[in-house]
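Chain and residue survey
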Amino acid sequence: MIFKQLFDTKSSTYTYLIASAKGREALIIDPVIENVDSYINLLNELELKLVKVIDTHIHADHVTGASKLKDISKCSTIMGDHSPANTVDIKVKDDEYIHMDSLKIRAMYTPGHTSDSYSFLMDNYLFSGDTLLINGTGRTDFQNGNAKDAYNSIFNKLLKLPDETLLYPAHDYKGEKVSTIGKEKKQNPRLQVNSIDEYVEIMNNLNLKKPAEIDYNIAKNIKLGA
Ligand code: FE
């Protein structure tokens, strides 16, 4: 398997490129529009053909490169079935599998950060979007975010995966690249709560600033960045 973790310095977004290597088909998760040319160069260098692009949710802090990648490579665009983006080619359901060459990726509906948030599990690689971050969790204060839903998605879905599952989030602001479910259970400060109410209390009192250009980014992302 080919696996590349790419980083956008402006929005601190992680983008993932995955390929089985055998059939040379590739998939990109959470591309950033400004970096599309570098993804295309990398695909060419690795002699891969991009066939699928997934956005884990409608992002507020950057514009997705999904449409631009589709224009260039004719790949199909994928989001979860709660996405408000009408031009998505394939909307996957909870527990549905995406197949590419010999790879199988399970879609998991994990709302809370936003109402359309999905996570994706390939073998023991979990792409958690902004649902579960390393030493943190995605904020729940816009785009129909909901702290109770987030608690359920994290505690009753993602943390039920085996401890050795590798956690690859959509963002990191402190240079962390990967964690595991087991490590997060023990060390993530947001997860050290005794009840759903305690978690909701924390999330509802974060008092975070809105991301810059949030309205512009969301409007663009509902059109997959077109
Ligand atoms: Fe987000």
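Structure shown above.
The structure reproduced in this document is the subject of the present report. (Residues numbered from 1 in each chain as written. Predicted model: local features only at pLDDT ≥ 70, side-chain atom pairs only at ≥ 80, totals over all residues. Heavy atoms only, no water.)

Per the counting criterion, the structure on display carries five salt bridges. The salt bridge involving Asp89 is made with Lys70; its shortest N-O contact spans 2.8 Å. Separated by 19 residues along the polypeptide, Asp89 in the loop between β5 (76-80) and β6 (90-92) and Lys70 in helix α2 (residues 66-73) bring together distant segments of the chain. A residue is classified by how much of its surface remains accessible, and Asp89, at 37% relative accessible area, is partly exposed. Lys70 sits in the partly exposed class, given a relative accessible area of 29%. Notably, a salt bridge pairs Lys185 with Asp163, separated by 2.8 Å at the nearest N-O pair. Placement of Lys185 in helix α4 (residues 181-187) and of Asp163 in the loop between α3 (147-156) and β13 (166-168) is noted, with a sequence separation of 22 residues between them. (Salt bridge = Lys/Arg side-chain N within 4 Å of Asp/Glu carboxyl O. Helix = DSSP H or I, 4+ residues; strand = E, 2+ residues; numbered from the N terminus. Buried < 20%, exposed > 50% of the residue type's maximum accessible area, 1.4 Å probe, protein only.)

Taken together, the six strands give an open sheet; going across it, the order is β7-β8-β9-β10-β13-β14, and neighbouring strands pair in mixed fashion. Looking along the sheet, the strands with just one partner apiece sit at the ends: β7 (97-100) and β14 (179-180). Where strand β8 (residues 103-109) lies against strand β9 (residues 118-122), four bridges are found, and the strand directions are antiparallel. Residue pairing across strands places Met108 opposite Ser119, the latter belonging to β9. (Pairing = 2+ DSSP bridges.)

Moving on, we come to the sheet that holds strand β2 (residues 13-19). Reading across from one edge, β1-β2-β3-β4-β5-β6 is the order of the six strands in this open sheet, with mixed pairing throughout. One side of each edge strand has no neighbouring strand; the edge strands of this open sheet are β1 (2-8) and β6. Mean inter-strand twist for the sheet, computed between neighbouring axes without regard to direction, equals 25°. Bridge count between β1 and β2: seven bridges; the pairing is antiparallel. Its bridge partner being in β2, Gln5 is matched across the sheet by Tyr16. Most of the contacts of α2 go to strand β4 (residues 49-54), to which it runs at about 155°, and overall it touches β3 (25-29), β4 and β5. (Axes fitted to C-alpha atoms, helices over the stretch in contact; angles between N-to-C directions. Contact = heavy atoms within 4.5 Å.)

Our next topic: the packing of helix α1 (residues 36-45) against α2. Between α1 and α2, the least distance of the axes is 10 Å, while the angle of their chain directions is 40°. Judged on the interaxial angle alone, α2 and α1 are oblique. When you trace α1 past α2, the crossing you get is right-handed. In contact with Val36, Asp37, Tyr39 and Ile40 of α1, α2 contributes Lys68, Leu69 and Ile72. (Parallel < 35°, antiparallel > 145°, perpendicular 65-115°, else oblique. Left-handed = near helix turned anticlockwise from the far one by under 90°.)

Position of Asn135 among the secondary structure elements: in the loop between β11 (132-133) and β12 (136-137). Given a relative accessible area of 39%, Asn135 falls into the partly exposed group. Taking the C-alpha atoms as reference points, Asn135 and Asp89, 46 residues apart in sequence, are found 34 Å from one another.

Time to look at the packing of aromatic side chains. Scanning the model with the defined rule gives 16 aromatic pairs in all. Here the aromatic rings of Tyr125 and Phe127 are separated by 6.4 Å at their centres, their planes lie at 25°, and the arrangement is stacked. Looking at Tyr125, the relative accessible area reads 18%, which means it is buried. For Phe127, a relative accessible area of 2% gives the class buried. (Phe/Tyr/Trp six-rings, centres within 6.5 Å; stacked < 30°, edge-to-face > 60°.)

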